[in-house]
Amino acid sequence: MSAFKKSPWVIHYDASSCNGCDIEVLACLMPNFDVERFGIINTGNPKHADIFLVTGSVNVQNAPVVRNIYAQMPEPKVVVAIGICGTSGGIFRECYNVLGGIDTVIPVDVYVPGCAARPEAIIDGVVRALDVLEMKRHFMLNSAGADIGAFIINRANQNDIPEILALQKIAYRSQAEIYGDDSVPALGQTLDQITAEFEKTIFIKAVVNGKIIGSIRGRIEGDVAHISRVVVHPYFQGKGLGTRLIKQVEQELGDVRVFEAFTGHQSAQNLHLYGKLGYREVRTEPFTSTVNWVYLQKERK
Amino acid sequence: MIENLIPGMVIFPLIAGVILLFISNDTVRRYLVYAFSAVLIAGAILLAFNPNPSTTLLDGLSHNISWGMLAVETLIACFIVWVTVRAKNWLALGLLLTQFFLVAGFEIHEMLKSSEGLHAVVTASPWLLCDQLTVIMVLVIGIVGGLICIYAPGYMKEFHVTHHPELRDRRPMFFTTFFVFLGAMFGIVFANSLNWFYFFWEITTLSSFLLIGYKESPESKTNAMRALTMNLMGGLGFALAIVLLGNNGVGSLTELRAQGHASHLIMIAAGLLAFAGITKAAQFPFAGWLRGAMVAPTPVSALLHSSTMVKAGVYLVLRLAPNLEGTIVGMMVALVGAVTFVAGSLVAVGTSDAKKVLAYSTVANLGLIVLCGGIGTKEAVWAGILLIIFHAVAKALLFLCVGVVEHKIHSRDIEDMAGLVLRMPKIAVMIQIGIAGMFLAPFGMLVSKWAVLKAIVDVHPFLSVFIVFGSSATLFFWVKWLGKLLQITGSMEKMEKNISGGKWIALGTLSVLTILTCLIFPAISNQFIEPFIGGGFKAADSVLGSSNLIVMALMLGMVAMFPLSFFNYNRKVKVVDAYLGGANVESLDGVARFQGSAGIIRDMSMHNYYIGQLLGEERVFKCGFWVAIATLLVLAGSFVLPIGLPEEVIHTIAPHALTYQEILIRFGLYLVLAPLIGGLLAGIDRKLTARMQGRRGPPVRQAFYDVAKLWGKESIVVRRSQDFYIIFFFLFVIFTGALFFCGSNLLLVIFSLTLASIFFVLAAYKASSPYSFIGAERELIQMAAYEPMVLMSAVGMYMTTGSFNVDDIFLNPANPLKLILIFVGFLYILEIKFRKSPFDLSTSHHAHQELVKGITTEFSGKMLALVEIAHWYENVILFAWVGLFFTFNLWVGALAMVLVFFFMIFVDNTFARLKWQLALKSAWMVSLVLGLANLILLFFWK
Ligand code: SF4
C-alpha cells in the first residue's frame, strides 16, 4: 500500500449553509474521534493538503474561494462534498444566490450525504476518498510515463459525450483562471447543448487505458472548416497531444479551402500551438469585457 | 620616484584637489577625477609592493614643514572660529580655542628651542611610519577611496541635475574637499609624529564638516555642526595627550608603543588618545554625529563615514593596542566598543532607512574593532585589522548601491526596495554580495567576528556576552533586508538604465573585491598582518586552524554554486498564486490582489517587522548613549586605580586529527542514520502527544509515510526560484551535521546552521506570500532569540574544556555541573529551536489555522518533504549537542538526551504559545541572566 493512503492531509472549507456539517468535520478532527490514527492531519493550507472537505451549498460570494483553494492544491487531490447541502444544495437550493452542490463549481469525487453528516460518515467518506486518491496517483504516474505513441486517437461516438464534457470542464478551469472570468462558454455548456452540438460536429477523442484524456471538434460550413475546443487533461499536457489532435481533426475534416480556429487572446499556449502548425491570425473580436476571441486561419495544402 | 612615494601620496591629492577647484566643466572634471583616482589606486598598489621607501624629499625641510603646518593649522582654526561664532556654537568654539592654543603653544615653544624643528627636540624617531598596518590602510584608502571617487562624478551630476535642482551647485568645492580629505587620510596613516597625526586629523574633521553641510539645508547645517563639536571633543583629548607626552619626551607613535604600560602618565595619555579615536569612530555616546552625517550625498557617506575617516579612529585605537593590553584603561575602551556593538546593532533592527541601517551597522562594526584594540592581545589585533579590511570594502559597496537605488526609486527606505531583484537585477545582486560580506558565513566579516569571539573568551569571557547578543541582532536586520530584495508581489518594470560607466566600474570592482578578500585573506594575513603583529604570531595556529580554513573554503564553494541552480529555471512546475486564504482575485497585470471586506479589491503588500515597541530606534540609542557615558566616566576614574590586570592563560589545544577514512565513515553513518533517528523521534513525539491527550495517535512510522507521500505529490510554486533556497537549506543542514559529527569547531557548526536557516528564511521571503513572509519574519525573531544562548553554550564549553572542537570536548570531559546554568538556558532555547510550543511561532504542528503554516505555507510536495527531512537532521544535531554537556559518561549523556526529549514533549503539550515579543524578550533575559551567571561561576570555579 502506498504512503498516499497512510498520510491523507485534509483542508476543510465551509461554503455557507447552516454550518452544521462544518462543526461535525471539526468534531472528527478532535481527539474523541482521533483521525490522526489514520495519519489524517488538518493542514489549514491548500498547498499541503491532499483532500478537500467542503460543506455547504456554494453561493455566488464564496464560489471563487472554493475554486481558489481547489486550484492551489497540488495533484493528486480529491474533493469530498459533505452534507446534503454540499451534495446538491439541500434545503438552500432554491435561494437566489445559491449555486447548488459543490460540483457546480469544482469536480467532486466523493459525496457524503446527511443533514448533518455524522462524523462516522465523514470519516468513512475520507476513507473512500483515499481509494480515489490512490487511483489518481496511478493515473498521474501513467501520465508521467506515457509517450504520445501510446494514445489512441479516433472519432468519438454518442456514448463518449458525457465524459468529454467532464474533461472539458476540468481542462477549461485553467482558462477561466487566466481570464478571471467564469463565463468562458466551455465551462457553462450543459449535456443537452453538447449533445445537440454532436449532431453537426465531428468529435475526436484521445484515449489512454480506456479513459478519455483529450478531445477536439470540427465542423464544416461551406468551404471553411471550424476547429474548436482543444481539450487535454492537465496531467497529460505538454506531451504534444494537442498537435496530434489538431492534425487528426484536419485529416478527418477532409476537403475544405481553409481551416479556421479561435481562442482567447491571452491563451498563449493555444496561440503558440496553432502558430506552430501554420495558422495565422486573421481577426480579433471582443467577446466579454475580459476576453477577446482571436481567429486564426490556415490554407489547406 | 619610489623614494618619494610617501610624501607624494599625501601631496598629490592635495594638488589634485586644488586643480579641481578651478574646473567647472562637467566632462573635463569627470575625466580628471577618473585620472586622479587611477593614480591614487596605482600609488597604493605600488606602495604595497615597495613597503619601505626612503623619504629623501623631507630631509632638511622638517623645520619649514613644521612652520608651514602651524600656519595651516592657524588658518583652519580661524575658519572654524568663524563658522562656530556664526552658528553661535560656543561649546565648539571653546573646544577649538583650548586645543589650538595648547598645541600651537606647545609647538612654538618647542620649535623656538631648536632650529632643527620640533621633532628633533622631542624625539629622535622618524616622522613618518610605514609598516604593514600602514600599507593595509593605504590600500584601503587608495583602492576603496579611489573607487568611490570614480563613482562620485556620475552621482553628483544626477544629484544636482535631476534630484536637487534647487541646491547651489558647489561641485568644484565638493571634489576639492574630497581629494584634500584623501590626502589627509594618507597623512594620518603615514604619520609617526603625533603632531603630524594631529594636523591631518584636524583636516579630516574639517572636510567632514564641509561635506556634511554640503546641501546647505538647515538640517545638514545642524548635523554638520554637531559632527564638528563632537570631533573637536576628540581633538581636545588628542591635544592634551600631545602636550602630556611631549613634556615627557614621547612624540611619536613608535615611542609610545615602546613605552607599553610604563607609567601612570603614559596610560592617561593613551586613554586620552583612545578617547579621541572613540569620538572619531563615532562610538557611543558620540554615535549621534555619524547618524546625522547621513544627510550628506552618498559618496560622502561611503568615503568619510564608513570606509575611511571613521577608520582613522579605530586605526589609532589599534595602534594603541600594546599600551592598552591588559589594563583597566584598555578594558574600558573595550567596553565602550562592546556597548557600541550591541547598541548599534539593536538600533539598526528598528530602522528602515537604508542609509541609517548602514550607518548604525558601521558604528557597530567599528565598535567591534575598538573592542579589539582595547583588548589589545595579538589575536584581537589580528581580528581588528581584518575587520577594517572586510568592512571597508563591503560597506562602501553597500553605500554606493543604496546611492544608485535611491536615485532610481526615489527612496532609500528598505520597504521600498521590495522586488529589487526584478527591477534592478545587477544592483540587487551586488547588494546581496555586500550584505553577505557583512555577516554571512563564510564571508569575511564573520571570520573576523569569530576571531574576535575567540580572542575575547581567552581574556575577558564576560565581554563575549556583548558579542553574542550583538551578532544575533545583526543577523536579524541583514536577513530582513535580503528578504525584502527578493520579495515580489507583481510584475515590475526594469529601472536599471542610465547608470553611468563610472558607477558600474566602482560597483563591479567593489563586488569583486568583497568576494576576493574572502578568498585571499589568509594571504593578506600572512603577508601583512602577521609580520605587523610580530612575535612569531601565526593566525592559522592560534586563531583559525588550517582544517577550519578548509571547511570554510568548502562552504564558500557551496554558496558559490547557488547561481548555478538558475540553469534549472525552466523546470516543469506548476506556478500558482500565493495563498491568500482563498480570497485571491485574478488580475491581468500580475499584481497579487485579494478581495477584502465589503468586496473591496486590494493589492497584497507586506512589511517587515521593526520591533518598534521592543527596540525603538530612539530608545535603544538613548540606552547606548547613557551606558557608554557611564563607561567613559569609569574610564576617567580608572586612572586612579592600579593599572595592570593579571595575564590570563591562553589555552590552545591542537585539534584531534582525523584521517580521511574516519571522516568518510562518520559522514556516511550520519547521512544514513540521522534521518532514520530523526524521523523515528518525530513519530514517537506524535504518538506520545496523542497519548497525553488520551487518544491512540498515528503509527510510529507516520513521519516516514508523510514524507513518502509528499515525495509523490506535484510540485507547485509561487516563484520558481523558491525551491533552490530550500535545496540549499537542506544541503547546509546536512553539512552542519557532518561538521559536528566529524568533530569540527563548534563555532563553525553554529555558523553553518545559521547559514542553513537563513536559506530557509530567504526561501519563504522569496515565495512572497503574506503567510510565509510573516513566518519568515518570526523565524528570524526566533533565530535572534536563540542565537546568543547557542553561542554562549559554545563559549561555556570552551571555558571548561579549553577547546571549541567537538572532538576535544568529547575527549576532555568536564564536570557537567560547571555548565549547569548554561544547560538550563540551553533547554529553554531548545524549545525554540525545535519549534515547539510555547515557541512555535514561525510554523507549528499544532492549531494549524493560526497564520496557517507560517514559513512553510508556500512549500508543497518534494520541497516540503525536504524541509521535513532537514528538520530531522537538525534535531539529531541538537540532541547530540545536549549530549555534549554530559560527555563524562556515555550512559548519563544518553539518559540526558532521552529525558530532554520527554521534557520537550511535555512542555510542548502543556504551555500555550507566547507572543513573539514575549518569546524574544524572555529568551534574551534567560540567556543573559543564566549565561552571565554561569560565566561568573566559571570564573571562580576553575
Ligand atoms: S447538510 Fe444540513 S447540517 Fe449540513 S450544512 Fe446543510 S443544512 Fe446544515
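Residues numbered from 1 in each chain as written. Chains lettered and ligands numbered in written order. Predicted model: local features only at pLDDT ≥ 70, side-chain atom pairs only at ≥ 80, totals over all residues. Heavy atoms only, no water.

(A) The arrangement of the sheet that holds strand S2 (residues 584–585) of chain B in detail. All names here are of chain B. Here we have 3 strands laid out as an open sheet, ordered S2-S3-S4, and antiparallel in their pairing. In this open sheet, the two strands that pair with only one neighbour each are S2 and strand S4 (601–603). Across 2 bridges, S2 lies against strand S3 (residues 593–595) in antiparallel orientation. Its bridge partner being in S3, Asn-584 is matched across the sheet by Phe-594. (Pairing = 2+ DSSP bridges. Helix = DSSP H or I, 4+ residues; strand = E, 2+ residues; numbered from the N terminus.)

(B) Just the site of the ligand, in detail. Residues and elements named next belong to chain A. The local shell around the ligand consists of Ser-17, Cys-18, Gly-20, Cys-21, Gly-83, Ile-84, Cys-85, Phe-92, Gly-114, Cys-115 and Ala-116. Elements with a contribution of two residues or more to the shell around the ligand: helix H1 (20–29) and helix H3 (83–88). For the shell around the ligand, the leading source of residues is H3, giving 3 residues. Among the residues making up the shell around the ligand, the classes are represented as 7 nonpolar, 4 polar and no charged. (Near = heavy atom within 4 Å. Nonpolar A, V, L, I, M, F, W, Y, C, P; charged D, E, K, R; others polar.)

(C) Quick look at the interface of chain B and chain A. Each side of the interface is counted separately: chain B has 40 residues, and chain A has 39 residues. With both chains or domains summed, chain B and chain A bury close to 3300 Å², and 51% of this area falls on carbon and sulfur atoms. When the buried area of chain B at its contact with chain A is split by residue, Arg695(B), Lys709(B) and Lys713(B) rank highest and sum to 19% of it. In this assembly, chain B and chain A are joined by 6 salt bridges. Residue contributions to the side of chain B that touches chain A peak at 6 residues, all from helix H28 (residues 702–711) of chain B. A breakdown of the residues in the side of chain B that touches chain A according to their chemical character gives 15 nonpolar, 12 polar and 13 charged. (Contact = heavy atoms within 4.5 Å. Buried area = accessible area lost by both parts, 1.4 Å probe. Salt bridge = Lys/Arg side-chain N within 4 Å of Asp/Glu carboxyl O.)

(D) Region of interest: the sheet that holds strand S3 (residues 51–55) of chain A. All names here are of chain A. Spatial strand order, S2-S1-S3-S5-S7: 5 strands in an open sheet with parallel pairing. Of all the strands in the sheet, the pair left with one neighbour each is strand S2 (41–42) and strand S7 (110–112). Two elements, strand S5 (residues 78–82) and S7, share 3 bridges in a ladder whose sense is parallel. In the strand pairing of S7, Ala-81 is matched with Tyr-111.

(E) Structural context of the side chain of Glu260(A). Looking at the element boundaries, Glu260(A) is found in strand S12 (residues 258–264). Not counting chain neighbours up to four residues away, the residues in contact with Glu260(A) comprise Val224(A), Ala225(A), His226(A), Ile227(A), Arg283(A), Tyr295(A), Leu296(A) and Gln297(A).

(F) View of a nonpolar patch on the surface. Judged by side-chain polarity, Ile665(B), Leu669(B), Leu671(B), Val672(B), Leu673(B), Leu676(B) and Ile677(B) come together as a nonpolar surface patch covering roughly 620 Å² of accessible area. Within the element layout of this structure, Leu676(B) appears in helix H27 (residues 660–692). (Patch = residues over 30% accessible without salt bridge, like charges linked within 9 Å, V, L, I, M, F, W, Y side chains within 5 Å. Areas by Shrake-Rupley, 256 points an atom, 1.4 Å probe, with all protein chains shown as cover.)

(G) The packing of aromatic side chains, seen in detail. With the rule as written, the count across this model stands at 48 aromatic pairs over all chains. Pairing Phe469(B) with Trp924(B) gives two aromatic rings, centres 5.6 Å apart and planes at 90°, and the pair type is edge-to-face. With Phe469(B) in helix H22 (residues 464–486) and Trp924(B) in helix H36 (residues 916–940), this pair connects stretches of sequence that are 455 residues apart. On the basis of relative accessible area, Phe469(B) is assigned to the buried category, the value being 10%. Centroid distance Phe826(B) to Phe885(B): 5.5 Å. Interplanar angle 50°. Geometry classified as tilted. Pair noted here: Phe826(B) is in helix H33 (residues 820–833) and Phe885(B) is in the loop between helix H34 (861–884) and helix H35 (890–910), with a separation of 59 residues, a long-range link. On the basis of relative accessibility, which here comes to 6%, the residue Phe885(B) falls in the buried class. Site record: aromatic cluster; members linked through ring pairs are Tyr670(B), Phe730(B), Phe740(B), Phe741(B), Phe823(B), Phe826(B), Tyr873(B), Trp881(B), Phe885(B) and Phe886(B). The ring of Trp9(A) has Lys709(B) lying over it, and the distance from NZ or CZ to the ring centre is 3.8 Å. (Phe/Tyr/Trp six-rings, centres within 6.5 Å; stacked < 30°, edge-to-face > 60°. Buried < 20%, exposed > 50% of the residue type's maximum accessible area, 1.4 Å probe, protein only. Lys NZ or Arg CZ within 6 Å of the ring centre and 35° of its normal.)

Read these as layout, nothing more, since geometry by itself doesn't imply function.
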